[in-house]
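What follows is each chain in one-letter form.
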Amino acid sequence: MSDTTSRALTLLNLLQTHRHWTGPELAGRLGVTERTIRRDVDRLRELGYRVESVPGALGGYRLEGGTAVPPLLLTDTEAVAIAIGLRVAATQRLIDGPETTLSALAKVEQVLPARLRTQVNALASAVQPAGLGQGTAVSTEVLAELAMACRDRERVRFRYVSAAGTQTERRVEPHTLAPADRHWYLLCFDLDRDDWRTFRVDRLSEVFHTRLTFQRRDLSPEEVADFLQVARAWQRQPVETEVVMELPLDQVKEHFGRWAQGAGEESADRTRWPVGGADFRETMYGMSWIPAGVGYRTDLAEPARSELREVLVRMLAALDAPAPEPARAKDRPVG
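To keep things clear, this report deals only with the structure shown in the data block. (Residues numbered from 1 in each chain as written. Predicted model: local features only at pLDDT ≥ 70, side-chain atom pairs only at ≥ 80, totals over all residues. Heavy atoms only, no water.)

1. Considerations on the overall build of the chain
Scanning the chain for helices and strands turns up eleven helices and eleven strands. Going through the 335 residues of the chain one by one, you find that 41% of them count as buried. Considering only residue pairs separated by 6 or more positions, the chain has 64% of its internal contacts joining residues 24 or more positions apart. Carbon together with sulfur atoms contributes 52% to the accessible area of the chain, which is approximately 19400 Å² in total. (Helix = DSSP H or I, 4+ residues; strand = E, 2+ residues; numbered from the N terminus. Buried < 20%, exposed > 50% of the residue type's maximum accessible area, 1.4 Å probe, protein only. Contact = heavy atoms within 4.5 Å. Areas by Shrake-Rupley, 256 points an atom, 1.4 Å probe, with all protein chains shown as cover.)

2. What about the environment of P179?
Mapped onto the elements, P179 comes out in strand β4 (residues 167-180). For P179 and L228, which are 49 residues apart along the polypeptide, the C-alpha to C-alpha distance reads 9.0 Å.

3. Considerations on the nonpolar core
By size, the foremost hydrophobic cluster in this structure holds 21 residues, and its most contacted members are L146, F158, L177, L186, V201 and L204. Tallying contributions element by element places helix α7 (residues 140-152) first for this core, with seven residues. Excluding residues that lie within four positions of it along the chain, L146 makes contacts with L177, L186, V201, L204 and V207. In this structure, V252, A263, V275 and V311 belong to the second largest nonpolar core, which totals 18 residues. (Core = buried A, V, L, I, M, F, W, Y, C linked by side-chain atoms within 4.5 Å.)

4. Notes on the environment of A263
Tracing the backbone shows A263 in the loop between α9 (249-256) and β9 (264-267). On the basis of relative accessible area, A263 is assigned to the buried category, the value being 18%. Considered as a pair, A263 and L249 are 14 residues apart in the sequence and their alpha carbons are 7.5 Å apart. Ignoring anything within four residues of it in the chain, the contact list for A263 reads L249, V252, T271, R272, W273 and P274.

5. Structural notes on the packing of helix α10 (residues 280-287) against helix α11 (residues 304-320)
Where α10 contacts α11, the two axes come as close as 9 Å, and the packing angle between them is 65°. One way to sum up the angle between α10 and α11 is to call them roughly perpendicular. The crossing of α10 and α11 is right-handed. Across the interface between the two elements, F280, M284 and M287 of α10 pack against A304, E307, L308, V311, L312 and M315 of α11. (Axes fitted to C-alpha atoms, helices over the stretch in contact; angles between N-to-C directions. Parallel < 35°, antiparallel > 145°, perpendicular 65-115°, else oblique. Left-handed = near helix turned anticlockwise from the far one by under 90°.)

6. Some details on the packing of aromatic side chains
Overall, the coordinates contain four aromatic pairs when judged by the stated rule. For the ring pair Y285 and W289, a centre distance of 6.0 Å and an interplane angle of 85° mean the geometry is edge-to-face. Chaining the aromatic ring pairs together yields one cluster made of F158, Y160 and F199. One Lys or Arg, R217, reaches over the ring of F189 and ends 3.6 Å from the middle of that ring. (Phe/Tyr/Trp six-rings, centres within 6.5 Å; stacked < 30°, edge-to-face > 60°. Lys NZ or Arg CZ within 6 Å of the ring centre and 35° of its normal.)

7. Regarding the state of the cysteines
One pass over the full model with this rule turns up zero disulfides. You can see C150 has no disulfide; the closest cysteine sulfur is in C188, sitting 8.3 Å from it. For C150, a relative accessible area of 12% translates into the label buried. The class for C188 is buried, based on a relative accessible area of 0%. (Disulfide = S-S within 2.5 Å.)

8. Some words on unusual backbone geometry
In the segment running from E302 into P303, the intervening peptide bond is cis, with an omega of 5°. Its location among the elements puts P303 in the loop between β11 (296-298) and α11. In this model, R153 sits at a positive phi of 55°, which is unusual for a non-glycine residue. Locating R153 in the fold gives a position in the loop between α7 and β3 (154-161). The phi dihedral of R211 is positive, around 65°, even though this residue is not glycine. Tracing the backbone through its elements, the reader meets R211 in strand β7 (residues 204-213). The class for R211 is partly exposed, based on a relative accessible area of 45%.

9. Description of the pairing of β3
Where burial is concerned, the two faces of β3 differ: the one with E154, V156, F158 and Y160 is buried and the one with R155, R157, R159 and V161 is not. When β3 meets β7, the two strands line up antiparallel, connected through five bridges. Directly across from V156, in β7, lies its bridge partner H209. (Pairing = 2+ DSSP bridges.)

Below, the structure is given as structure tokens:
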């Protein structure tokens, strides 16, 4: 294999493993001049690879889906079969881990022609593998778009519908896609909230690529796991309420840490914080974590409100009652 061919294949691999490269970056990686990079890009184009050139200071090269699958890689039929298989595998949350599946899916989706992408979308929506109905349906197309954004460290915009039905538009820096329980979650840094947020992928739509990259913020595996645990806890619960604490939002965040997710400013000195659980006992447990001495009120609905009141009345009565006398030791028989 000639040096020119070897270098072209190395260039192709770089274009497949990152969504966007500048000319100087590629030249530095391959140890050649930018002029040589331009010639190698032309060779890839002659072979059928659609390499887009973006002019300007922030410009560079990126691999795009063309009018046909690039030769010597996959036939149309093979590309469709692999894309569908990877989408199904991603939604099935395979034991080997989601990262490998999503990485492969991102590579295939990146070069898939529009006409084949339409075919994949139609077939993937018709495929219903065993066990998939146990979780909430996830758009495999959205999953693929988010996988590419996580891989390429690219800012994206999307629409999100909360559990309460509120629709918002978000601008985020995607960090991780991860399955938990029966759902997929996107962990990202929300640029408008200036904080980390976790979104359920099945409530997310209209992903828009901005082509703006960002410097990845460091998170340990333990921190990622903590965020996912908080996200699972904030799913809609059988018993839900909100408490309004006599405490500013910044102090609530300082006290509760990641568990302050969902808290909002009621006023300069008050914070509204959602609490929920399987029954009124779990709701009571959540409220017990409000800092000592901080006043609060709640709109807990019936019948949980009456059930909680009855339990608290009995507890207070038990605390006010005289302490029981210690049991007397039985007289020992005389030996």
